[in-house]
Amino acid sequence: MSQDKSVLLKIKDLRIEGYSDEHWIEIVHGIDLTLHRGEVMGLIGESGAGKSTIGLAAMGFTRDGCRISKGSSIEFDGMELTTTPASDLQSLRGARIAYVAQSAAASFNPAHKIIDQHTEAPIQYRIQKRLESQEDAMELYERLRLPNPREIGFRYPHQVSGGQLQRAMTAMAMACRPDLIIFDEPTTALDVTTQIEVLSAIRDIVDQFNTAAIYITHDLAVVAQMANVIKVLLKGDEVEEADTRTMLENPKDDYTKSLWAVRDFKRDQKPRPVDTVPLVSVKNVDAAYGDTPVLHDVSFDIFAGMTVAVVGESGSGKSTAARCITGLLPPTSGEILFNGEALPPDYRDRTKDQLRQAQMIYQMADTALNPKVKISEIIGRPAQFYSGLKGPALKNRVDELLDLIELEPAQYYHRYPPELSGGQKQRIGIARTLAAEPAFIICDEVTSALDQLVAEGILRLLDKLQKELNLSYMFITHDLATVRSIADEVVVMQYGKVVEQGPKDVMFKPPHHAYTDLLLSSVPEMDPDWLTTLLEERGVDNIGEAAKLK
Amino acid sequence: MGDILNIVLKRLGLGLVTLLVISIIIFGAVELLPGDIAQAVLGQGATEENLAALREQLGLNRAAPIRYFEWLGNAVTGDFGRSLVSQTPVSEAIFTRFGNTLFLALYAAIIAVPVAIFLGVLVALYRNTVFDRVANVVTLTSISSPEFFLGYVLILFLAVKGGYFPAIAKIDDGMSLVDKLDRTFLPALTMVLVVVAHMMRMTRASIINLLASPYVEMARLKGVPAWKVIVKHTLPNAWAPVINVVALNLAYLVTGVVLVEVVFVYPGIGQLLVDAVTKRDFPVVQACCLIFAATFILLNLAADVGSILTNPRLRHPK
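Numbering of residues begins from 1 in every chain and follows the order in which that chain's sequence is written. To label them, take the chains in the order written and letter them from A, then take the ligands in the order written and number them from 1. With the structure being a predicted model, the display of local features is reserved for residues of pLDDT at least 70 and the display and counting of side-chain atom pairs for 80 or more, all residues being used for whole-chain, interface and lining totals. The basis for every side-chain value is the complete set of non-hydrogen atoms in the structure, without hydrogens or water.

**Student:** I'm lost on a nonpolar patch on the surface in this one. Help?
**Tutor:** All names here are of chain B. Together, L5, L9, L12 and L298 make up a nonpolar patch on the protein surface, roughly 400 Å² of accessible area in all. Helix and strand assignments follow DSSP, with helices taken as H or I runs no shorter than four residues and strands as E runs no shorter than two, numbered in order from the N terminus. By residue number, the principal contributor to the nonpolar patch is helix α1 (residues 2-32), which donates three residues. Take L298: its relative accessible area is 53%, and that puts it in the exposed class. Patches in this entry comprise residues that are over 30% relatively accessible and not in a salt bridge; like charges within 9 Å are linked, as are nonpolar side chains (Val, Leu, Ile, Met, Phe, Trp, Tyr) within 5 Å. A 1.4 Å probe and the Shrake-Rupley method give the accessible areas. Residues count as covered only by the protein chains that appear here. Whenever Lys or Arg places a side-chain nitrogen within 4 Å of a carboxyl oxygen from Asp or Glu, that contact is recorded as a salt bridge. For every residue, the accessible area obtained with a 1.4 Å probe (protein chains only) is divided by the maximum for its type, and the residue is called buried under 20%, exposed over 50%, and partly exposed between those limits.

**Student:** For this particular structure, what's the right way to read the interface of chain B and chain A?
**Tutor:** By convention, interface size is frequently given as the accessible area that disappears when the constituent parts associate. Residues count as neighbours in contact if any of their non-hydrogen atoms are within 4.5 Å of one another. Counting residues at the interface gives 20 residues for chain B and 28 residues for chain A. A simple way to read buried area is as the amount of 1.4 Å-probe accessible surface that goes missing from two parts once joined, with both sides added. The three residues of chain B that bury the most area against chain A are B:M218, B:L221 and B:K222, which together make up 30% of that side's buried surface. At the boundary of chain B with chain A, the tally comes to three salt bridges. Nitrogen and oxygen atoms within 3.5 Å of one another constitute a polar contact, given that in protein one can donate a hydrogen and the other can accept it, and given that sequence-neighbouring residues count only through two side-chain atoms. The interface formed by chain B and chain A holds 11 residue pairs in polar contact (both at pLDDT 80 or more) in total. Only α10 (214-221), α11 (226-255) and α15 (312-315) of chain B provide two or more residues apiece to the side of chain B that touches chain A. Among the elements that take part in the side of chain B that touches chain A, α10(B) stands out by supplying six residues, more than any other. Three categories are distinguished: nonpolar for Ala, Val, Leu, Ile, Met, Phe, Trp, Tyr, Cys and Pro, charged for Asp, Glu, Lys and Arg, and polar for the others, with Gly belonging to the last. Across the side of chain B that touches chain A, the residue classes tally to nine nonpolar, four polar and seven charged.

**Student:** Would you explain the pattern of salt bridges in this entry?
**Tutor:** Residue and element names in this part refer to chain A. Counted by the stated rule, this structure contains 34 salt bridges over all chains. Its salt-bridge partner being R15, residue E26 comes within 2.9 Å of it at the nearest N-O pair. You can see E26 sitting in strand β2 (residues 23-36) and its partner R15 sitting in strand β1 (residues 7-20), a full 11 residues away along the chain. Residue E26 is classed as partly exposed on the basis of its relative accessible area of 28%. When the shortest N-O distance is used, the salt bridge between D529 and R245 registers 2.7 Å.

**Student:** Got a minute to help me understand empty space enclosed by the protein in this structure?
**Tutor:** In this approach the atoms are scanned with a rolling probe the size of a water molecule, which exposes any empty space left behind. Cavity: a set of points on a 1 Å grid over the protein atoms alone where a 1.4 Å probe fits but cannot get out. Pocket: an open set with protein on both sides within 12 Å along at least five of seven lines, its lining residues, like those of a cavity, having an atom within 4 Å of a point. Grid points are joined across faces, edges and corners, and a volume is the space filled by probe spheres set on the points. This model, assessed by the stated rule, comprises seven cavities of 30 Å³ or more. Roughly 70 Å³ of internal volume is contained in the largest cavity. Every residue along the wall of the largest cavity is listed here: A:G94, A:A98, A:Y99, A:A121, A:M172, A:A173, A:A175, A:C176, B:M218, B:L221 and B:K222. Along the lines of polarity and charge, the residues of the lining of the largest cavity split into nine nonpolar, one polar and one charged.

**Student:** So what exactly am I meant to see when it comes to the packing of aromatic side chains here?
**Tutor:** Here a Phe, Tyr or Trp ring, Trp counted by its six-membered ring, pairs with any other such ring whose centre lies within 6.5 Å, and the pair is stacked when the planes are under 30 degrees apart, edge-to-face when over 60, and tilted otherwise. According to the stated counting rule, one finds 10 aromatic pairs over all chains in the structure shown. Relative to B:F131, the ring of B:Y126 lies with its centre 6.2 Å away and its plane at 90°, an arrangement referred to as edge-to-face. The class of B:F131 is partly exposed, set by a relative accessible area of 35%. Positioned above the aromatic ring of A:F385, the side-chain terminus of A:K352 is 4.4 Å from the ring centre. For B:K180, the ring lying beneath its charged end belongs to B:F103, and the centroid distance is 5.5 Å. Only lysine NZ and arginine CZ atoms are considered, and such an atom sits over a ring when it is within 6 Å of the ring centre and within 35 degrees of the ring normal.

**Student:** Help me understand helix α14 (residues 375-387) of chain A in this model?
**Tutor:** Structurally, the α-helix is built with 3.6 residues per turn, so residues lying three or four positions apart point the same way. For a helix, the expected span equals 1.5 Å multiplied by the number of residues minus one. Its 13 residues give α14(A) an end-to-end C-alpha distance of 18 Å, which sits within 8% of 18 Å, the value for a rise of 1.5 Å per residue. In this structure, the buried residues of α14(A) make contact with α15 (391-404), α16 (409-412) and α17 (422-434) of chain A.

**Student:** So what exactly am I meant to see when it comes to the packing of helix α4 (residues 114-124) of chain A against helix α6 (residues 162-174) of chain A here?
**Tutor:** All names here are of chain A. Inter-axis angles, ranging from 0 to 180 degrees, are taken between N-to-C directions of lines fitted to C-alpha atoms, where helices are fitted over the stretch in contact. In contact at an axis separation of 9 Å, α4 and α6 are set at 20° when each is read in the N-to-C sense. On the basis of the axis angle, α4 is roughly parallel to α6. Handedness of the α4/α6 crossing: right-handed. Packed against α4, whose contacting residues are I114, Q117 and H118, the element α6 presents L165, A168, A171 and M172 at the interface. Should an angle lie under 35 degrees it is considered roughly parallel, over 145 roughly antiparallel, and from 65 to 115 roughly perpendicular; all remaining angles are considered oblique. With the far helix as reference, a near helix turned anticlockwise by less than a right angle produces a left-handed crossing, and one turned clockwise produces a right-handed crossing.

Okay, here's the thing in structure tokens:
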């Protein structure tokens, strides 16, 4: 980090307009930004803050339906990007400014081998011949600690894991040794354990090549590890900018402080009731998709009025367990008890009342709500189906449910899902679930697609509803902060097995099972030295795969 | 690759079942035709004895299911019976005719498919420009005009006025390939004009559909030129719907060309079918329909396999 420290990127009064409803509306309102060589700037904010839009604008790129307003200035290494002709801009991208997208799985072309996508830019810019470039790619893969660096590039994107793909994409961004890389939420879609691998790989490589970077994220703890400087954005405006330590220790603006404070929500832990039958009991359940076994002897209980968090990485079988409980995937052996009585394994064989008792809330409220159906009908249909309500009684019930989820009935009754924000949609999803008057609700990653402030609102709502209606929750999540705030009991799953379970306070205190320990220690903390310390503790070669096998 | 073979075999099996069902429908439909077949063949002047004799000869007195299985059993071995009109074996008449139809369809397809896909890529690249609109209007006009009209227009300008190509596409086995291609150029061109629009628009639509995907944005942000974004990053993922439309149009080239054959006096199977229907020559009708059905099923099977083969997830399993 001793090299050249001159100014690389200077953005002045950046204004970007988006086209909607036949009008151009300003969505970024005059942002200034200065980035030096080798420096990493974190852009943080909630969705709609304009982070990605600004990041892309630094490459002179806008998505369809957006444009950079006149008077904005983006100066990259002495070149004014707003007036550069399109062909020159194109030859800048990939070569001198590179981009790392949020979802590597979606951003790699499924039709081509990873290494062929890597070598595309170097070959096109005649920086390297194919073989040289492949050799270079393998070296980068090795530096990024990908397994089988000489071989992995010759696979297709769907043949490697998400975390590996994300590292391969970072390597691809490095292919032409750019001066600047835009990282657009590169770890948001990953599990905590995988996130660490990617974060440390990014940090090392940016360091080694003295590359400047803009790191876009909504996760404060992550940005604290990565950035030298943090800029907080809100709805296209800058809130404040400061170097990382100052920002973490002494945030000035109220909005920044509120972002910092989000993680404080915590409700009291309830003890297990004694001498009662559990509401839902999963007993020695095995399950398989086709011939592939996914669950092995899974057992846990959920008591009335309690929240059980089921945690684990993707592929650990959390959602499959939920599918077994709801009867969508009949277990191959074992049984599901409800109030002590065995439920038929297949949902088709269950009675209406059995179906009514167990309901689900989904991760993506966007796709779980039919966009062409009015809110009144979305909530009204289950109320009608399960309770047989009609006419004014049905309308009253819908109003009551909207009241419960804290949305003004008169205002939302006739609206459609696309008119609502992400948090409001999730509330509608909750109301639809409540319409069945269930005793037990499975919440499948219900907050992971939401901004922190909004997610907290949903958690508070779920907590309130639990108190009022004595609901039981099975909370599927990979976010341990969520677990800390609302769970009574925790079930940790790995490779389709339950590795550890117990009351939350016990689970969060050592000694842990090795895997629980790995999960817990992988959750980023606000401390900017957290990643460095952790890596030292684990040993550089011991992150990721190695740690998992322990 | 074992998986793919498995899928293909399964589809092939399903295709055979479909063909069986269709054969029942065809046989049933012919049975349902109003009037007496013997009467239709022999004409109004036939005596009762003659009619009875013919019925006996054709086996019309026996129950329909028995006759169906007999017919099916023979058809499987390639024997479709004798034509009621010419008394020659049906398979003989159909064999050359179907060959001619396939020749013309192949001729048209070899021109139409590459042209349609190339144009589709071009209009996707220059989408919403004048070129895009003109290509759209022209191809839509050609697809909206009836084949016989297009055929006559082509005859008028390219045969009668220009004299470049013959207006009548009568071919026989003795002709050289070049002669055949020259003779049948106008009917082939007519069919090309009819099918290009559909395939071109599907190519355009499925490419444009993918332009919003993250990997296309990634390619652009890597500095990949626009044409390469389309050809290298979009097209390989756009094949599945395109292949299906291509198969549909190929099937149409085989089975939907009666009008073109009539206009150009081309000895194809379509004309044979129409003649057979008017003359109540039901063995010929049944055979033609069965061949058409088999063509449709085979081409759809090919499309399914094609879509699978263009899917990298299936080609390169984990």
